[in-house]
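One-letter residues, chain by chain:
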Amino acid sequence: MSQSSPRKAVVLVSGGMDSAVTIAIAREQGYQVHALSVAYGQRHSAELAASERVSRLLGAVEHKTVQVDLRSIGGSALTADIDVPLDQTGDSGIPVTYVPARNTIMLSIALGWAEVLGSTDIWCGVNAVDYSGYPDCRPAFIESFEQLANVATKAGVEGAGIRIHAPLMRMSKADIAREGQRLGVDFSETVSCYQADAEGRACGHCDACHLRAQGFKMAGLPDPTRYA
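What comes next concerns the included structure. Treat the numbers as computed from the prediction; the structure is a model and nothing was measured.

What counts and how
- Residues numbered from 1 in each chain as written.
- Predicted model: local features only at pLDDT ≥ 70, side-chain atom pairs only at ≥ 80, totals over all residues.
- Heavy atoms only, no water.
- Salt bridge = Lys/Arg side-chain N within 4 Å of Asp/Glu carboxyl O.
- Pairing = 2+ DSSP bridges.
- Helix = DSSP H or I, 4+ residues; strand = E, 2+ residues; numbered from the N terminus.
- Axes fitted to C-alpha atoms, helices over the stretch in contact; angles between N-to-C directions.
- Expected span 1.5 Å × (residues − 1).
- Buried < 20%, exposed > 50% of the residue type's maximum accessible area, 1.4 Å probe, protein only.
- Contact = heavy atoms within 4.5 Å.

Overall, the coordinates contain 9 salt bridges when judged by the stated rule. Here Asp-197 makes a salt bridge to Arg-201, at a shortest N to O gap of 2.6 Å. Arg-201 is paired through a salt bridge with Glu-199; the nearest N and O atoms lie 3.9 Å apart. Because the salt bridges share partners, they merge into one network encompassing Glu-28, Glu-179 and Arg-182.

What follows covers the sheet that holds strand S2 (residues 31-39). One open sheet holds the 5 strands; their spatial order is S3-S2-S1-S4-S5, and the pairing between them is parallel. The open sheet has two free edges, formed respectively by strand S3 (62-67) and strand S5 (163-165), since each of these has just one partner strand. Adjacent strand axes in the sheet meet at a mean angle of 25°, parallel and antiparallel pairs treated alike. Judged from the 6 bridges that link them, strand S1 (residues 7-12) and S2 form a sheet pairing that is parallel.

This brings us to helix H1 (residues 17-28). Taking 1.5 Å of rise per residue, 12 residues should cover 16 Å, and H1 covers 17 Å from first to last C-alpha, within 8% of that figure. Of all 12 residues in H1, 10 are buried; the element is thus mostly enclosed. Turning to H1, its buried residues are Met-17, Asp-18, Ser-19, Ala-20, Val-21, Thr-22, Ile-23, Ala-24, Ile-25 and Ala-26. For H1, the secondary structure elements touched by its buried residues are S1, S2, helix H2 (46-57), strand S4 (121-123), helix H6 (173-182) and helix H7 (207-219). Residue Gly-30 follows H1 closely and has a positive phi angle near 90°.

Phi angles above zero are rare outside glycine, and Ala-101 is one such case at about 65°. Take Ala-101: it is sitting in the loop between S3 and helix H3 (102-117).

Moving on: the environment of Phe-216. Following the sequence through the fold, Phe-216 ends up in helix H7. Taking relative accessible area as the criterion, Phe-216 reaches 2% and is therefore assigned buried. As for Phe-216 and Ile-23, which are separated by 193 residues in sequence, their C-alpha atoms are 19 Å apart. In this view, Phe-216 contacts Met-17, Ala-177, Phe-187, Leu-221, Pro-222, Asp-223, Pro-224 and Thr-225; residues no more than four positions away in its chain are not counted.

Now the structure itself:
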């Protein structure tokens, strides 16, 4: 690759505000973004439509959606007939909206595509500050996956190595909202709600909605979320 060639990056995109800001940061740093979403059997398709829309608006060179049927194993309110908790307060441990091994599976798919593209950089929007307590959103997980990537792939063993970028890891939701505003992210095009309707309108009561709304409030920014 010549010095003038853009660096390729695979960016995991969920359709929410965190992954949108992650795309914008990668683009600002000069990466050619290949956006990747995973249809894993989540409760609604609105976030997948938002993923494609946001990727296009933020300048990704392509967007790919890979199908993985996690509903076949269930175990989460997002992949099984389990009610999404609403208006909960307090820390009650890892919530029922945690999807078993989801980020491990998504990063593994991103890793495979990165090798095919000749990319050494994978980006994801995981966050360990204002989040729902998922174990696969912590720094230890990202560090461990990067180590795995570099012993499990041809790129890691014979090439330049694989890097996992998680630029939002230590940012609050307010920080993320402000960073998105600085980078020109249109948050009205994103969908964060666990049970958004077919038009992408949020319920306003699930944990994801509460975290998002609090982020905009703490950042002193208007909330552009469309509510049902």
